[in-house]
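# Coordinate analysis (summary)
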Amino acid sequence: MLLLQLSVSPPSAGRSSSSLSCTEAHPTAAFCRVSSTSKSCFLLESSSLKTVKSISRTKNNKRNGAVLKVRSSLDTAATVGKVTEVTKDTFWPIVNAAGDKTVVLDMYTQWCGPCKVIAPRFQELSEKYLDVVFLKLDCNQENKPLAKELGIRVVPTFKILKHKKIVKEVTGAKLEDLVLAIDTVRST
């Protein structure tokens, strides 16, 4: 999910200096309206900082061109009691947002049999340890840079992070080893 921050300002300095700002959490669209000034903007898609021209601005039934600056950042919230799917773009922001909490990352692939077997157990752990952030990363081609950065060699691999650093690793679908590792990191 992307967090979109929109700002609309007049295209020239000669016009009034009023502007419109809003934040809308939505993956592909945002709509902003301020009734007191009758300004509105609509954005269909954004994944990075962009400048978009020809957004309508209505004042006294007159349409003028405006410039829309869009800042998007990733929603860095992980849901407690659930496993959150991450990508190469969302992993570090979520880890940073976790602060002092323990983070457990399940690195898996779609074709891996042991990954499929341990996935429901991993979900159960997320429901048991409500003070731990549980994430999963599909080590597909798109996420290959992050998988390489984290040093994955086999799947499944579980990386346990504390204070934004990897402190433990469990390779293979070894639930007992994973629970022991989580308990060890939580107690430190």
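In this report, we go over the structure that sits alongside the text. Quick caveat, the model's predicted, so the values are computed rather than measured.

Cut-offs and rules
Residues numbered from 1 in each chain as written. Predicted model: local features only at pLDDT ≥ 70, side-chain atom pairs only at ≥ 80, totals over all residues. Heavy atoms only, no water. Helix = DSSP H or I, 4+ residues; strand = E, 2+ residues; numbered from the N terminus. Buried < 20%, exposed > 50% of the residue type's maximum accessible area, 1.4 Å probe, protein only. Contact = heavy atoms within 4.5 Å. Areas by Shrake-Rupley, 256 points an atom, 1.4 Å probe, with all protein chains shown as cover. Salt bridge = Lys/Arg side-chain N within 4 Å of Asp/Glu carboxyl O. Pairing = 2+ DSSP bridges. Axes fitted to C-alpha atoms, helices over the stretch in contact; angles between N-to-C directions. Phe/Tyr/Trp six-rings, centres within 6.5 Å; stacked < 30°, edge-to-face > 60°. Core = buried A, V, L, I, M, F, W, Y, C linked by side-chain atoms within 4.5 Å. Expected span 1.5 Å × (residues − 1). Arc of directions from axis to C-beta.

Quick look at the overall build of the chain now. Across its full length, the chain holds four helices and 13 strands. For the chain, with 188 residues in total, the buried portion stands at 36%. Taking the intrachain contacts of the chain between residues at least 6 apart in sequence as the baseline, contacts between residues at least 24 apart amount to 57%. Here the chain displays about 10900 Å² of accessible surface, and carbon together with sulfur accounts for 51% of that area.

What follows covers the pattern of salt bridges. If you walk through the whole model with that rule in mind, you get six salt bridges. With a shortest N-O distance of 3.6 Å, D183 and R186 are connected by a salt bridge. Pair noted here: D183 and R186 are both in helix α4 (residues 175-186), with a separation of three residues, about one helical turn. On the accessibility criterion, D183 (32% relative accessible area) is partly exposed.

Strand order in the open sheet formed by five strands is β9-β11-β10-β12-β13, with mixed pairing between adjacent strands. Each edge of the open sheet is held by one strand with a lone partner, namely β9 (83-86) and β13 (165-171). Shown here is a sheet whose adjacent strand axes are inclined to one another by a mean of 25°, direction ignored. Here four bridges tie β9 to strand β11 (residues 132-138), and the two strands are oriented parallel to one another. Directly across from V83, in β11, lies its bridge partner F134. Seen against the sheet, helix α1 (residues 91-98) touches β9, β10 (102-108), β11 and β12 (157-162) and runs at an angle of roughly 175° to β11. In this fold helix α2 (residues 113-128) packs onto β9, β10, β11 and β12, with an angle of close to 155° to the strand it touches most, β11.

With that out of the way, let us pick up the packing of aromatic side chains. Counted under the stated rule, the structure contains three aromatic pairs. Aromatic pair F91 and W92: ring centres 4.8 Å apart, planes at 70°, arrangement edge-to-face. Judged by relative accessible area, F91 falls into the buried class, the value being 0%. Centre to centre, the rings of F122 and F158 are 5.5 Å apart; their planes meet at 40°, and the pair counts as tilted. Linking F122 in helix α2 with F158 in strand β12, this pair joins segments that are 36 residues apart in sequence. F158 matches F122 in its accessibility class, with the two residues each being buried.

Core analysis: the largest hydrophobic core is formed by 16 residues, its most contacted members being V86, F91, V103, L105, M107, L135 and L137. At the level of secondary structure, the elements contributing two or more residues to this core comprise α1, β10, β11 and α3 (144-149). The dominant element in this core, judged by the number of residues it contributes, is α1, at four residues. Leaving out residues up to four positions away in the same chain, M107 has contacts with L137, C139, A147, L150, I152, V155, P156, T157 and K159. In this structure, F122, Y129, I182 and V185 belong to the second largest nonpolar core, which totals 15 residues.

Moving on: α4. Side chains that are three or four residues apart share a direction in an α-helix, a result of its 3.6 residues per turn. Compared with an ideal rise of 1.5 Å per residue, which puts twelve residues at 16 Å, α4 spans 16 Å between its outermost C-alpha atoms and is within 8% of the ideal. For α4, the full list of buried residues reads L178, A181, I182 and V185. Buried positions in α4, seen along its axis, are confined to an arc of 100° and lie on one side of it. In α4, the exposed positions angled more than 90 degrees off the buried face are occupied by E176 and L180. Tucked into the core, α4 has its buried residues touching β10, α2, β11, β12 and β13.

So yeah, pure geometry; function would need other evidence.
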